[in-house]
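Close look at the chain arrangement
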Amino acid sequence: MSYATVIEQIKTLPESCLGDVSKYLDFLFYQYAQEDQSLLIESNKEFEAKMQKGFDDMKEGRVTPIREAFTEIESRFA
């Protein structure tokens, strides 16, 4: 998925989602930068499918508020 495509998809999301989108993109950039993430490399097709599902979920309101998501992550890995 190209940068331009991601930007166009983000423009279609409700404004209330933009803060969470920003944090998610920061996470993706961080994850992408990690050298030890080589085992998680996906094909472009797989990545695009997951990104599209995420955008569709946000548009339809099928999301977990970020605080709840981080609480769940902390409880799993703390």
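Residues numbered from 1 in each chain as written. Predicted model: local features only at pLDDT ≥ 70, side-chain atom pairs only at ≥ 80, totals over all residues. Heavy atoms only, no water.

1. Comments concerning the nonpolar core
The nonpolar side chains of soluble globular proteins are, as a tendency, buried together. Counting 10 residues, the largest nonpolar core consists of Val6, Ile10, Leu13, Cys17, Val21, Leu25, Leu28, Met51, Phe55 and Met58. Going through the elements one at a time, α1 (3-11), α2 (18-33) and α3 (44-59) are the ones with two or more residues in this core. Among all residues touching Leu25, those that are not within four sequence positions of it are Val6 and Ile10. (Core = buried A, V, L, I, M, F, W, Y, C linked by side-chain atoms within 4.5 Å. Buried < 20%, exposed > 50% of the residue type's maximum accessible area, 1.4 Å probe, protein only. Helix = DSSP H or I, 4+ residues; strand = E, 2+ residues; numbered from the N terminus. Contact = heavy atoms within 4.5 Å.)

2. Side note on helix α4 (residues 66-77)
Taking 1.5 Å per residue as the helical rise, α4 with its 12 residues ought to reach 16 Å, and the 16 Å between its terminal C-alpha atoms agrees with that figure. Here α4 lies mainly on the outside; 0 of its 12 residues are buried. (Expected span 1.5 Å × (residues − 1).)

3. What about the confidence of the model for the protein chain?
When pLDDT is averaged across the protein chain, the result is 80; 87% of the residues are at 70 or more. Ranking the elements of the protein chain by mean pLDDT puts α2 last, at 81, and α3 first, at 84. (pLDDT = per-residue confidence, 0-100.)

4. Focus on the pattern of salt bridges
Within the structure shown, the criterion is met by 4 salt bridges. Its salt-bridge partner being Glu8, residue Lys11 comes within 3.3 Å of it at the nearest N-O pair. With Lys11 and Glu8 both in helix α1 and 3 residues apart, the pair spans about one turn of that helix. For Arg76, the salt bridge goes to Glu72, with nearest N and O atoms at 2.8 Å. Of this pair, Arg76 and Glu72 both sit in helix α4, 4 residues apart, which is roughly one turn of the helix. Among the residues examined, Arg76 registers a relative accessible area of 58% and is labelled exposed. Taking the relative accessible area as the measure of exposure, Glu72 reaches 40% and is therefore partly exposed. Among the ionic contacts, a cluster of salt bridges with common partners joins Lys53, Asp57 and Arg62. (Salt bridge = Lys/Arg side-chain N within 4 Å of Asp/Glu carboxyl O.)

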